[in-house]
Amino acid sequence: MKITVKGLRASFGDHEVVKGIDLAVPSRQITAIIGPSGCGKSTFLRCLNRMHELVPGASRAGQVLLDDTDVYADDVDPVLVRRWVGMVFQKPNPFPSMSIKDNVVAGLRLTHRYDRKDAPGVIERALRQAALWDEVKDKLNDPGTSLSGGQQQRLCIARALAVNPDVILLDEPCSALDPIATARIEELLLEIRRDYTMVIVTHNMGQAQRVAEHTAFFLQGELVEFDTTAALFGNPRDPRTADYIAGRFG
Amino acid sequence: MTAPAVGRTALHTPTRGRAARWYERLIELGLAGCGMTSILVTIGIVVILAHESKDFFAQVSLGEFLGSTKWTPIIGDHRSYGVWPLLSATLTTAAIALAVAIPLGLLAAIYLSEYAAPRTRKIIKPALELLAGVPTIVFGYFAITTLTPALRDYIPGLAGGNLLSAGLMMGIMIVPLVASLSEDAIYAVPQSLREAAAGLGGGPFEAIRKVIVPSAWSGIAAAITLAASRAIGETMIVAIAAGNEARFGFDPRQPGQTATAYIVDISKGETPHGSVAYQTIFAVAAMLFVMTLIMNVISHRLSRRLRAAARA
Amino acid sequence: MRRPIDLTSARPGVFAEKAFVWLCRLGAAIPLTMLAWLLYRVAAAGVHRLSWSFLTDPPSQLDASTAGLGPALLGTLWLIVLTATIALPIGIGAAIYLEEYSRRSKLAGVLELAIANLAGVPSIVYGMLGLGLFVHALAMGETVIAGALTLALLILPIIITSAREALRTVKDGLREAALGLGATRWQCTRQVVLPMALPGILTGAILAIARAIGETAPLVVVGAVAFILYGPDGVDAKYTALPMQIFQWTSNPKRAFLDNAAAGILVLMATLLVINGVAIWLRNRYQSRRS
């Protein structure tokens, strides 16, 4: 297990959105989290790399173990957690002040690991992994924001890969993209699934079925069911899961 | 009181309807007239400055005005009209002011937007606004009675009226302007970029240096340009504390006379309308106007670029 | 390959970060310390001169201890009333035109550019406009009305900008509702939009007037006199004003006159504080009622 979550609760002010979740995320696989909007799946994801606490008024209880280390232990530096557990967001957010290649190495620059000599290799490797290299290799100095939405999102994935994390969290990474761009992202996730542990939040059940080995179904801040993707979709044990995947609510 | 029903009755009673329509037209014209005032004032400034300095440049060549470093427009046998003494003092005080206001203002802006707790922010922001509301004459008084004597203890050879105190005081005066405009620019940086930086494992300091400030740069540059324009146009501090001696030089310990201080100096005395001295202040004001106008236009462009970037 | 996960070691840049936060604090603290020092010095030097007679007596060029602010305060009062009377209707009218009548038209674009430019023109240049236009071309001479007109033009961009912001806070739905009931544009503005935006407009107007009260440079240029024994008795009278009087005392080398300047500054700052307080009170009252 790469990540073990124990009794995780998270709130905004008085409003509790994650209500005690236990979950074990297997190493070097893709785990999907599905559920209707407002079920707490994004907040749950943001608790895994301590992004949740950046929101004013946010609070949390419970444990998140990365390998065997509790990321919420007193002596843990939350900034270091995010170096091991990277994140890709719903809306592509390349840095507008940087070129394509600077975007790729932005994480290295931000973490004082940038090396001028290594940079070209790092840039090419990350862009190839993100299946973007062929499209941008001739315009690496163009601004990152000049790319199309799907390309921008792959650039953001390349940026996350370049810092060499153990885990990558993906928060509905395709919800702002068209079906073709979505398909390309799914392909690339399958491509890199053996090298990284990935957790993907999605409202698209087809996407979960296409990319994830395991799927968790969240409802109103609680974990209803967690199983292999095939079992969860093929043979749900909980009637609420069955209703949801049959499209009866949400 | 006309009831809102007038619009409806207009359908039935054409005479009243026509009167009402005329009334509406009249109001709109009146309001448009109010709006036009801003254009008229702009034109007025240009025409008045151009008209009065035209007579000046009929007597003094532009080459002498911009090329000579001697400014003796009202005293002595040989009058000389080189604007450089006024310009050197203006540039020196403005440079000192910016050297104070840019770092302090930017740091204060970063502190307020990225680090300060909400409660601290609630105290510091109004306090800076208070500083911004202090009339410049008050800063002038403080510079001449307190700042200069204090500085003279540390800086040997500092004149009683000097460019340094005036520039420093001006810098403090401009800090709130730089701080508030830069904070707006930093605030406009989308939250998603901060999250992206955090998600990559960047600490707050790295995010500020490598993502937030670069993303807000056009807005910060607009703030700095506007601050420069303010520093060049600022009058009372330099009129009181800079020494009022039109001498060419960039030594901040020495007295000097800025363009604005010269205008005040001449205006304080009896200057007959139409005399050369009267014309000089318009020529100097025209130069001042052009300098600040250029900077304001640049600042305006930059902040428009920021707004466009924030929308994207 | 499996890397051991380390979440506790000090990362590079932590010390720099701490130093930087302190630097940022300093950035806010230095100007505020200067403000506190300034207020302290002014109070220490001027408070002993404050008295009723200081507020009402005429100035004196010989004896600082009997000199007062009488004519200057009267002059400032005249300036405020005249400036407000001139600038408020024009400024608010212009704002209404821009927000309610000509949104996104070509003319509005030109007007906006002109207003943005005027807002950045140094105040002394307004003084030059007043000198050339009101004092000489229109032959008003160095009178209160010439001073007030100059200050009115100076604060016009501020009034327009703040009034536009206030008008913009009124929801478009209300305008559409009024127009849909058959109200004309002006009826809608007068009876629906203006009453809602009025507190905001007034707040901005008050702050603009406060700005005018503290202005010295344009008044020097348009010929507010430094020494006068009486307040103005009409719009065409000679006059002085509070900041002018302070300027004159500051320029006087005698220590006692500098103390008078400090006392004058106390009066000026107290006036501005009260005015700003009223504006803030108005804004808060308005905001709490809206929410």
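Thresholds applied
Residues numbered from 1 in each chain as written. Chains lettered and ligands numbered in written order. Predicted model: local features only at pLDDT ≥ 70, side-chain atom pairs only at ≥ 80, totals over all residues. Heavy atoms only, no water. Helix = DSSP H or I, 4+ residues; strand = E, 2+ residues; numbered from the N terminus. Rg over C-alpha atoms; globule rule 2.2 N^0.38 Å. Buried < 20%, exposed > 50% of the residue type's maximum accessible area, 1.4 Å probe, protein only. Areas by Shrake-Rupley, 256 points an atom, 1.4 Å probe, with all protein chains shown as cover. Lys, Arg positive; Asp, Glu negative; His and termini not counted. Charge placed at Lys NZ, Arg CZ, Asp CG, Glu CD. Core = buried A, V, L, I, M, F, W, Y, C linked by side-chain atoms within 4.5 Å. Domains from an automatic or database assignment. Contact = heavy atoms within 4.5 Å. Buried area = accessible area lost by both parts, 1.4 Å probe. Salt bridge = Lys/Arg side-chain N within 4 Å of Asp/Glu carboxyl O. Polar contact = N/O pair within 3.5 Å; in protein donor to acceptor, adjacent residues only side chain to side chain. Nonpolar A, V, L, I, M, F, W, Y, C, P; charged D, E, K, R; others polar. Pairing = 2+ DSSP bridges.

**Student:** A description of the overall build of chain B should follow, citing residues and the corresponding values.
**Tutor:** Across its full length, chain B carries 13 helices and two strands. The C-alpha radius of gyration computed for chain B amounts to 25 Å, which surpasses the reference 20 Å derived for 312 residues by more than 25%, pointing to a less compact arrangement than a globule. Referenced to the eigenvectors of the C-alpha coordinate spread, the extents of chain B come out at roughly 80 × 65 × 35 Å. Buried residues in chain B amount to 54% of all 312 residues. As presented, chain B carries roughly 13400 Å² of accessible surface, and 64% of it is formed by carbon and sulfur atoms. Taking the average place of the 25 positive charges on the side chains of chain B and the average place of its 18 negative ones, the gap between the two points comes to 11 Å.

**Student:** With reference to specific residues and values, describe the nonpolar core.
**Tutor:** Ranked by size, the top nonpolar core spans 224 residues in total, and within it Phe-44, Phe-95 and Leu-127 of chain A carry the most contacts. No other element matches helix α4 (residues 84-115) of chain B, which puts 17 residues into this core. When residues of this core are assigned to domains, at least three map to each of domain 1 (6-59) and domain 2 (80-311) of chain B. Dropping the residues within four chain positions of it, Phe-44 of chain A is found in contact with Val-5, Leu-8, Val-18, Ile-21, Leu-23, Ile-33 and Phe-218 of chain A. Formed by 29 residues, the second largest nonpolar core is a distinct cluster that contains Ala-94, Ala-163, Ala-178 and Leu-194 of chain C.

**Student:** With reference to specific residues and values, describe helix α8 (residues 191-199) of chain B.
**Tutor:** Residues and elements named next belong to chain B. When you tally the buried positions in α8, you get seven out of nine residues, the bulk of the element. Restricting attention to buried positions, one finds in α8 the residues Leu-193, Arg-194, Glu-195, Ala-196, Ala-197, Ala-198 and Gly-199. Immediately beyond the C-terminal end of α8, within one or two residues, lies Gly-201, with a positive phi of roughly 90°.

**Student:** Which residues make up the interface of chain C and chain B, and what are the values?
**Tutor:** Contact with chain C, which involves 79 residues of that partner, is made by 78 residues of chain B. In total, about 6700 Å² of surface goes out of reach between chain C and chain B, with carbon and sulfur atoms giving 79% of it. At the boundary of chain C and chain B, one finds zero salt bridges. Our count for the chain C to chain B interface comes out at seven residue pairs in polar contact (both at pLDDT 80 or more). Ranked by the residues each element gives to the side of chain C that touches chain B, the list is headed by helix α1 (residues 14-46) of chain C, at 20 residues. Within the side of chain C that touches chain B, the residues separate by chemical class into 59 nonpolar, 14 polar and six charged.

**Student:** Can you tell me about the interface of chain A and chain C, naming the residues and giving the values?
**Tutor:** With 19 residues of chain A at the interface, the matching set in chain C holds 12 residues. Taken together, the two surfaces of chain A and chain C that pack against each other cover about 1400 Å², and 53% of this comes from carbon and sulfur. Taken together, the links from chain A to chain C amount to one salt bridge. A salt bridge links Arg-11 of chain C to Asp-77 of chain A; the shortest N-O distance between them is 2.6 Å. Counting every contact that joins chain A to chain C gives three residue pairs in polar contact (both at pLDDT 80 or more). With five residues, helix α2 (residues 78-84) of chain A is the single largest residue contributor to the side of chain A that touches chain C. Here the residues of the side of chain A that touches chain C sort into eight nonpolar, four polar and seven charged.

**Student:** Break down the pairing of strand β6 (residues 85-88) of chain A for me, with residues and values.
**Tutor:** Residue and element names in this part refer to chain A. Of the two faces of β6, the one carrying Val-85 and Met-87 and the one carrying Gly-86 and Val-88 are both buried. By the bridge criterion, four bridges tie β6 to strand β7 (residues 167-171) in an arrangement that is parallel. Opposite Val-88, over in β7, you have Leu-170 as the bridge partner.

**Student:** Please give an account of the pattern of salt bridges that cites residues and values.
**Tutor:** The full count for this structure, using the stated rule, is 31 salt bridges over all chains. Note that Lys-137 of chain A and Asp-134 of chain A form a salt bridge whose closest N and O atoms lie 3.8 Å from each other. Taking the relative accessible area as the measure of exposure, Lys-137 of chain A reaches 38% and is therefore partly exposed. Note on Asp-134 of chain A: relative accessible area 58%, which makes it exposed. Close ionic contact of Glu-99 of chain C with Arg-164 of chain C constitutes a salt bridge, the shortest N to O distance being 3.0 Å.

In short, the description is geometric, and any link to function would need to be established separately.
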